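Each chain is listed here by its residues.
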Amino acid sequence: METGEAPFYYVGTDVDGVKIFCGNDDKPFIIESVIDETRLPNLNLRQLIFIFGIGSLEEIRKVASHAHKDSLLVIIEPNPYFLQYAMTYEKFKILDNTNYIIVTEKPDRLTNLFKLLFSSNLFYLLHNVEFYYNYYYRKHDGASVKDYITEIRMAIKNKYFNIGNSIHDSLLGLINNLNNIKWMSENVDVAKLKGSFSGVPAFVVAAGPSLDKNISQLKKAQGKGIIIAVDTIATKLLENGITPDFICTVERLAIVWDYFYEKQEYPPNLYLVSSLVTDPRIVEKFKHRAVLPMRSSVREYLWLDEILGLSPNHYMWMGASCAHLAVGLALHLGASPIVMVGQDLAYGEKGTHATGTIYDEKPDEDDDTEGISVQGYYGGLVKTRKIWIEFKQIFENMFATTDQLIINATEGGAKIKGTIQQTLADVVDEYCIQECNVYEKMQEISSYSIDWNEVENKINDYISSLQELQVNVADHLNVLKQYNRKWIYSMPEKKVKKLYKSLKKTDVYFKAIKTNQLLYHNIQGPLAILVQKFNTIEETDSLKSLKQNLVVQIELCEMMENTIWYIIRVIQENFPWKSTD
């Protein structure tokens, strides 16, 4: 900070360690290294401790001395002057034995930090979050901290929302995957599709309200570029004389079939691009005109990859929506530039979507909009939603990792970092200069070649390994349940040692989950919650902690045994043992 920018300045420290500051109004104030006894961490519990204020490292050291050795202190300093003061005058060596990070940033700009923290093993400590205000914020400025706590709690809530489906929902997804892979032999090999449209402009068309202004320009792009539509907007394009080359869908819900596919007849030169988890009726409707990629970073597809003998080039970036998948397709094709159209991610003057979509009849209502705004395409602020902000951030993170030219020709809505802005008319004039018959080119690309006999052998081997694991887990579970049934308030030392030995054996099965991609995928959401529950058990030698540990381990083994049973049944009842004509 430049001289005069700070709201106060450091005067000095007296013989008792009290720090004296003076505000620009010439009113002095002090910071003492006095701890708040009511907010101290738990020495016997790993925690994620958010400490507000760095005015006194001695106070932080005292707080840290009450924390578990593996706890993490996230020291947030709302006022950057205090950090500058600390870097100049404080001796950080006193925190050498403490796990900590220091942050000075505005609350609404901490999203990426929280995502980073909560995507690590620190996620398992989210039941063990503590907030601590230092002396300054307790005595002088508690209001500055409130927005930070709101952002932290919101980030935790969002993380819980995204940790994974229930076991039931995951198994439904497995059913769809198994029913859809039978069509792979009949459709284009995604690996051979990679880079096949290098240098051809691709127009990714979403259903944002701004599309009403420039949809007519897309007609000029037809036959000279690739038109990729989300399923929400495909019908409107057709009604406007524009035939997309691809239609993208990702959702597993049956309502997607009801709204966009059951009664809609699409042109015979239109290809479907679909996640394997989508409703099998949609994939069957397109038969020989489906692009069926693997989904990156999802364990279920890593399992399918191994079973089907696929390669990294069979994967495609899908993000969290149809529009993300559409961009993922354009990237996979090697298209350039990639042009985003109708990707508002914000409210328009007349609503949430372009006219002529399902939302004319069924408005997309949402009460989660008050006070939420982002920078607009044309500057200023535009009204948006939390889910659209999430989608925008996913796009921006993706664009930061690619060298492809991304043009935002939406002409409205939210500004998307990593894109250049240009009108759709100008983009079409500049880049749509050569003829390109997408359908003919797609017809030249060969289909998947899968040895279904080998796949069947791998499936049978996998089922055998699951059955063996299920028997072993069931036997171990019976031992744990016997201990629980016979539990008494006191326990002889000899019996305690036996119990410890049995509890230790659970580690073998816990590790087995992480080496089994499909089991891990189906169990990951509930498992994460269970591990959090385990981390709320204090690390003491008390019988109370031992009992809590036993109960959690029984819950883990029951979850494993039941999930394994269901996975075996789902595979046996839904695997297409041979390709279907």
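This text follows the structure it describes.
Residues numbered from 1 in each chain as written. Predicted model: local features only at pLDDT ≥ 70, side-chain atom pairs only at ≥ 80, totals over all residues. Heavy atoms only, no water.

## Focus on the overall build of the protein chain
When its secondary structure is counted, the protein chain shows 21 helices and 19 strands. Referenced to the eigenvectors of the C-alpha coordinate spread, the extents of the protein chain come out at roughly 85 × 70 × 40 Å. Just so you have it, the protein chain exposes about 27800 Å², and 48% of that area is on carbon and sulfur atoms. Measuring between centres, the 61 positive side-chain charges of the protein chain sit 6 Å from its 73 negative side-chain charges. (Helix = DSSP H or I, 4+ residues; strand = E, 2+ residues; numbered from the N terminus. Areas by Shrake-Rupley, 256 points an atom, 1.4 Å probe, with all protein chains shown as cover. Lys, Arg positive; Asp, Glu negative; His and termini not counted. Charge placed at Lys NZ, Arg CZ, Asp CG, Glu CD.)

## Section: the state of the cysteines
Scanning all chains against the criterion turns up 0 disulfides. Free cysteine: cysteine 322, not disulfide-bonded; nearest cysteine sulfur from cysteine 248 at 7.1 Å. This cysteine, cysteine 432, is not joined by any disulfide, and cysteine 436 carries the nearest cysteine sulfur, 9.9 Å off. Since its relative accessible area comes to 7%, cysteine 432 is described here as buried. (Disulfide = S-S within 2.5 Å. Buried < 20%, exposed > 50% of the residue type's maximum accessible area, 1.4 Å probe, protein only.)

## Some details on helix H2 (residues 80-89)
Listed as buried for H2 are Tyr81, Phe82, Leu83, Tyr85 and Ala86. In the core, the buried residues of H2 are packed alongside strand E1 (8-13), strand E2 (19-23), strand E3 (28-31), strand E6 (100-103) and helix H4 (135-139). One side-chain oxygen of the residue at the start of H2 lies 2.9 Å from the amide nitrogen of tyrosine 81, identifying that residue as asparagine 79. (Contact = heavy atoms within 4.5 Å. Polar contact = N/O pair within 3.5 Å; in protein donor to acceptor, adjacent residues only side chain to side chain.)

## A look at the packing of helix H6 (residues 167-180) against helix H13 (residues 299-308)
When two helices pack together, their arrangement is captured by the angle between the axes and the distance separating the axes. The interhelical angle for the contact between H6 and H13, taken along N-to-C directions, is 30°, at an axis separation of 12 Å. H13 is crossed by H6, and the crossing has right-handed handedness. Here Ser170, Gly173, Leu174, Asn177 and Leu178 of H6 lie close against H13, whose contacting residues are Glu300, Tyr301, Trp303 and Leu304. Here the residues of the contact of H6 with H13 are counted per class, giving 5 nonpolar, 3 polar and 1 charged. (Axes fitted to C-alpha atoms, helices over the stretch in contact; angles between N-to-C directions. Left-handed = near helix turned anticlockwise from the far one by under 90°. Nonpolar A, V, L, I, M, F, W, Y, C, P; charged D, E, K, R; others polar.)

## Quick notes on the pairing of E3
A regular strand places its side chains on the two faces of the sheet in alternate fashion. A one-sided burial pattern is seen for E3, the buried positions being Phe29 and Ile31 and the unburied ones Pro28 and Ile30. Hairpin connection between E2 and E3: a loop of 4 residues separates the two successive antiparallel strands, and aspartate 26 in this loop has a positive phi of roughly 70°. (Pairing = 2+ DSSP bridges.)

## Here's the deal with the sheet that holds strand E7 (residues 129-133)
Spatially, E6-E5-E4-E7 is the arrangement adopted by the 4 strands of the open sheet, whose pairing is parallel. Bordering the open sheet on either side are E6 and E7, each of which pairs with just one other strand. Each strand axis lies, on average, 20° off the axis of its neighbour in the sheet, ignoring direction. Inspection of the sheet shows strand E4 (residues 48-52) paired to strand E5 (residues 72-76) by 5 bridges, in the parallel sense. The partner of isoleucine 51 across the bridge, within E5, is isoleucine 75.

## Details of a nonpolar patch on the surface
A cluster of nonpolar residues, Leu253, Ile255 and Tyr259, forms a patch on the protein surface that exposes about 270 Å² of accessible area. As for its placement among the helices and strands, tyrosine 259 is situated in helix H11 (residues 254-260). Residue tyrosine 259 is classed as partly exposed on the basis of its relative accessible area of 35%. (Patch = residues over 30% accessible without salt bridge, like charges linked within 9 Å, V, L, I, M, F, W, Y side chains within 5 Å. Salt bridge = Lys/Arg side-chain N within 4 Å of Asp/Glu carboxyl O.)

## Let's talk about the sheet that holds strand E12 (residues 290-291)
Strand pairing in a sheet relies on backbone hydrogen bonds, with the paired strands running either antiparallel or parallel. The parallel open sheet is built from 8 strands, whose spatial order is E12-E11-E10-E9-E8-E15-E18-E19. Two strands bound the open sheet, and with one partner strand each, they are E12 and strand E19 (420-421). When strand E8 (residues 202-205) meets strand E15 (residues 338-341), the two strands line up parallel, connected through 4 bridges. In the strand pairing of E15, valine 205 is matched with valine 341. With respect to the sheet, helix H14 (residues 322-333) is in contact with E8, strand E9 (226-230), strand E10 (246-249), strand E11 (271-274) and E15, its orientation differing from that of E10 by roughly 130°.

## A few points about the environment of valine 230
Tracing the sequence through the fold places valine 230 in strand E9. Distance in space between the C-alpha atoms of valine 230 and glycine 413 is 17 Å, their sequence separation being 183 residues. Setting aside residues up to four positions removed in sequence, valine 230 forms contacts with Val205, Ala206, Ala207, Ile247, Cys248, Cys322 and Ala323.

## Some remarks on the nonpolar core
Phe50, Phe246 and Ile571 are the most contacted members of the largest nonpolar core, which totals 198 residues. In terms of residue count, the dominant contributor to this core is helix H21 (residues 543-574) (13 residues). Once residues lying within four places of it in the same chain are set aside, the contact partners of phenylalanine 246 are Ile226, Ile227, Ile228, Ala229, Leu270, Tyr271, Val273, Val291, Leu329, Leu333, Val438 and Met442. (Core = buried A, V, L, I, M, F, W, Y, C linked by side-chain atoms within 4.5 Å.)

## With respect to the environment of glycine 351
Examined against the element boundaries, glycine 351 turns out to sit in the loop between E15 and strand E16 (373-375). Overall, the relative accessible area of 21% leaves glycine 351 in the partly exposed class. Separated by 143 residues in sequence, glycine 351 and glycine 208 have C-alpha atoms that sit 9.1 Å apart.

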